[in-house]
Amino acid sequence: MKLYYDFHIHSCLSPCGDTDMTPNNIVNYAKIMGYDVIALTDHNTALNCPAVAKIAEGNGITFIPGMELCTSEEVHIVCLFYTSEDALNFSEYVKSTMPPIKNKPSVFGEQLICDANDNVIGQEEILLVTASGISTEKVVKKVAEFNGICYPAHIDRSSFSILSNLGTIDEYFGFKCAEIYDIFKEDELKKKHPYLEKLKILSDSDAHYLENMRIPQQIIDVPENNIKSILDYLNKKKGAN
């Protein structure tokens, strides 16, 4: 089954996310655009995942709860989970490893927690764009402890990527996938980093504004359109049955 996907979308909970990125706006815009499956990946938190999950369920879109984790080396990692409960448990753990720096909305932006009606029910006080205490070396195993899978985000970027910050990607880290923001750079990156040939390559929008959400183009081919089928596929080595 071929599915149009976007596994890297931010809501108004990310301080750099637009306040228009509410749960309802994200899901309904994705539906209008023609996506089959989306994930919410706010910086270092999953607190808006339950609201998006509830809305997606009534709109025929498969929703995967997630997070964009910032590791201790400031490498961004897309983390995806089988349930919102798993994502929220990981979210609490990540928060416990972060420095207790309070957000300054006038500087960094608001961090809005919403319900399924887009009502603001709270704000995260801890600044979400700081580095967590989880190392890139240990992130695959740590996310797995919370029933999730993960892969390095936007590896083609000059900041907050595994290649820009650590200079390499290989089997040592244990990733099964990698995200390239500009998919036209795939061949160039594979020439420089041959290990990428062994990984499933994904390309997501990393949308912080509604207009950043791309016209659906990227497809995954999985047995069924549900979270288990999708994450099981992403968690297998390339070429494995």
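Before reading on, note that the structure itself is shown above.
The shown structure was predicted, so the numbers you read here are calculated from the model rather than taken from an experiment.

Another point: the packing of aromatic side chains. All chains considered together, the criterion is met by seven aromatic pairs. Arranged with centres 4.7 Å apart and planes meeting at 20°, the rings of Tyr5 and Phe7 form a pair that is stacked. Here the aromatic cluster, defined as three or more aromatic residues joined through ring pairs, consists of Phe81, Phe90, Tyr93 and Phe146. Lying over the aromatic face of Tyr181, Arg157 brings its terminal NZ or CZ to 4.4 Å of the ring centre. The residue whose ring lies beneath Lys200 is Tyr233, and the NZ or CZ to ring-centre distance is 4.8 Å.

What follows covers the pattern of salt bridges. Pairing of side chains with opposite charge becomes possible as their charged atoms draw close. Scanning the model with the defined rule gives seven salt bridges in all. For the salt bridge of Lys95 with Glu124, the shortest nitrogen-to-oxygen distance reads 3.2 Å. On the criterion of sequence distance, the pair formed by Lys95 in helix H3 (residues 84-97) and Glu124 in the loop between strand E6 (120-123) and helix H5 (139-145) is long-range, its members being 29 residues apart. Take Glu124: its relative accessible area is 9%, and that puts it in the buried class.

Now for the environment of Asp156. Within the secondary structure, Asp156 sits in the loop between strand E7 (148-152) and helix H6 (162-166). Considering only alpha carbons, one finds Asp156 and Ser91, 65 residues apart in sequence, at a separation of 26 Å. If we ignore the near neighbours within four places in the chain, the residues touching Asp156 are Glu179, Ile180, Tyr181, Asp182, Lys185 and Leu189. At 2.9 Å, the side chain of Asp156 forms a polar contact with the backbone nitrogen of Asp182.

What counts as what
Residues numbered from 1 in each chain as written. Predicted model: local features only at pLDDT ≥ 70, side-chain atom pairs only at ≥ 80, totals over all residues. Heavy atoms only, no water. Phe/Tyr/Trp six-rings, centres within 6.5 Å; stacked < 30°, edge-to-face > 60°. Lys NZ or Arg CZ within 6 Å of the ring centre and 35° of its normal. Salt bridge = Lys/Arg side-chain N within 4 Å of Asp/Glu carboxyl O. Helix = DSSP H or I, 4+ residues; strand = E, 2+ residues; numbered from the N terminus. Buried < 20%, exposed > 50% of the residue type's maximum accessible area, 1.4 Å probe, protein only. Contact = heavy atoms within 4.5 Å. Polar contact = N/O pair within 3.5 Å; in protein donor to acceptor, adjacent residues only side chain to side chain.

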